[in-house]
Amino acid sequence: MKTISILIPAYNEEEVLEQCYHRTINVIEKLVDYRFELLFVNDGSKDNTLSILKSLRMMDSRISYVNLSRNFGKEVAMIAGLDYARGDAVVLMDADLQDPPELIPELIKYWEQGYDDVYAKRRSRDGESWLKKLTSAQFYRVLQKTTRIPIQEDTGDFRLLDRRAVDALRQLRETQRYTKGMFSWIGFNKKEILFNRDPRAAGKTKWHYASLINLAIEGITSFTVAPLRLSSIVGVIVSLCAFLYMLFIIGSTLMLGNNVDGYASLMTVILFLGGLQLLSIGIIGEYLGRVFNETKRRPLYFVDEYNNEKVKEIVHLH
Ligand code: UDP
Ligand code: MG
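For clarity, every value in this text was computed on a predicted model and none was experimentally measured.

Criteria and cut-off values
- Residues numbered from 1 in each chain as written.
- Chains lettered and ligands numbered in written order.
- Predicted model: local features only at pLDDT ≥ 70, side-chain atom pairs only at ≥ 80, totals over all residues.
- Heavy atoms only, no water.
- Helix = DSSP H or I, 4+ residues; strand = E, 2+ residues; numbered from the N terminus.
- Buried < 20%, exposed > 50% of the residue type's maximum accessible area, 1.4 Å probe, protein only.
- Contact = heavy atoms within 4.5 Å.
- Near = heavy atom within 4 Å.
- Polar contact = N/O pair within 3.5 Å; in protein donor to acceptor, adjacent residues only side chain to side chain.
- Areas by Shrake-Rupley, 256 points an atom, 1.4 Å probe, with all protein chains shown as cover.
- Nonpolar A, V, L, I, M, F, W, Y, C, P; charged D, E, K, R; others polar.
- 1 Å grid on protein atoms, 1.4 Å probe; cavity = no way out; pocket = protein on both sides within 12 Å on 5 of 7 lines; lining within 4 Å.
- Points joined across faces, edges and corners; volume = space filled by probe spheres on them.
- Donors = N, O, S within 2.8 Å, 3.2 Å for Na, K, Ca; no water.

J.: Provide a residue-level description of the side chain of Ser64, including the pertinent values.
T.: Positionally, Ser64 belongs in strand β3 (residues 63-68). The class for Ser64 is buried, based on a relative accessible area of 2%. Setting aside its immediate chain neighbours within four residues, Ser64 contacts Glu37, Leu38, Leu39, Phe40, Arg57, Arg86 and Asn307.

J.: Talk me through the site of ligand 1; I want residue IDs and the actual numbers.
T.: In the region of ligand 1, 18 residues are neighbours, and Glu13, Asp43, Asp96, Gln98 and Thr205 sit closest. Asn71 places a side-chain nitrogen or oxygen 3.1 Å from an oxygen atom of ligand 1. Here ligand 1, which alone exposes 530 Å², has 92% of that area covered by the protein. Here the shell around ligand 1 is built from residues that sort into five nonpolar, four polar and nine charged.

J.: Help me get a handle on the layout of surface pockets, residues and values and all.
T.: Considering only enclosed or pocket space, the second largest pocket measures out at about 280 Å³ in volume. The wall of the second largest pocket is formed by 13 residues, among which Tyr245, Ile249, Asp261, Gly262 and Ser265 lie closest to the centre. Per-element tally for the lining of the second largest pocket: the top contributor is helix α9 (residues 226-256), with five residues. Tallied by class, the residues present in the lining of the second largest pocket amount to six nonpolar, six polar and one charged.

J.: Describe in detail the coordination of the magnesium ion (ligand 2), supporting the description with residues and values.
T.: Coordination angles at a metal have ideal targets, namely 109.5 degrees for four tetrahedral donors and 90 or 180 degrees for six octahedral donors. The protein atoms donating to the magnesium ion (ligand 2) are Asp96 (OD) and Gln98 (OE1), with metal-donor distances spanning 1.8 to 1.9 Å. Considered together, Asp96 and Gln98 belong to a single accessibility category, that of buried residues.

J.: Give a detailed account of the environment of Asp33, specifying residues and quantitative values.
T.: With respect to the element layout, Asp33 can be found in the loop between α1 (17-29) and β2 (34-42). On the basis of relative accessible area, Asp33 is assigned to the exposed category, the value being 56%. Leave out the neighbours within four places in its chain, and Asp33 touches Met1 and Lys2.

J.: Can you break down empty space enclosed by the protein residue by residue, with the values?
T.: The tally for this structure, following the rule as stated, stands at one cavity of 30 Å³ or more. Reported here for the largest cavity is a volume of approximately 40 Å³. The wall of the largest cavity is formed by Ile151, Gln152, Thr155, Gly156, Arg159, Tyr178, Lys180 and Gly181. Looking at the lining of the largest cavity, the elements that each hand over two or more residues are β6 (155-162) and α7 (179-186). With three residues, β6 is the largest single contributor of residues to the lining of the largest cavity. Classifying every residue of the lining of the largest cavity gives two nonpolar, four polar and two charged.

As structure tokens, then:
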């Protein structure tokens, strides 16, 4: 019998957790040919998430949980879950039921046909503001233009991964993670299915615009050095323009004898160039910051507790 792990990162999800559990169990109970493991990763929740998980596990041995030592963010919670998942396939799902568990049989169907990464693409984005829809569409566009790896648009983390895709992802140990890009980067056989993303069942989203902007910058800087290239190109263009303007000024000074005017143009050029220089330094800084963070080679996360057992030895899986 094949085992399938359903991996659910949860951060302050006390309001939906039980609902999530019941809806998922309803679905997997009909799939009698598989063994299931419901692996929750408690990402340092400050509410009752952990105690709910503990009581669920007491009732139902199909439940496992990993309690991280603090809040590490969803991207890290997911890799922690992948490290602990034991299944031949892993389904990644949000706790808030925005990813309907009813889709799991379809994901498994394509997995059985030999696909390694069956991902669910959103047909609609109900319950998200127009601003979020617009910014995310623009972000995908920019990211796709700057990188050669195909980026899956309108696709979240909701997907089924075969064991070999999971093991591939587990080898990518960078600390600043952009998992959506990693799914594309590892390759393997992909299959897209469409679904309607529901609004959150209860509770509040953990994403603020600040964290979305951070994720966007993460996405770009971890997958492409195009911004660095762009600043070199802008540098060349600006120097060329400056050279032509210089010829013009020399010419007009020698021929027309006009050598005093020009405060306005001088100011414009200085401020424009100053802005460009700061921008390029900022871009270099982004990449340098990433290098700095990666060179520390810290473990990605620490685990406090796994299935009712305190983790005593803080030895990392890698
Ligand atoms: N999440 C997490 N750690 C965090 C933030 C979120 O594990 O620091 C989980 C959260 O519990 C949920 C999933 O990631 O299962 C998606 O979060 P959310 O629904 O808030 O994001 P949205 O769907 O609004 O993008
Ligand atoms: Mg959500």
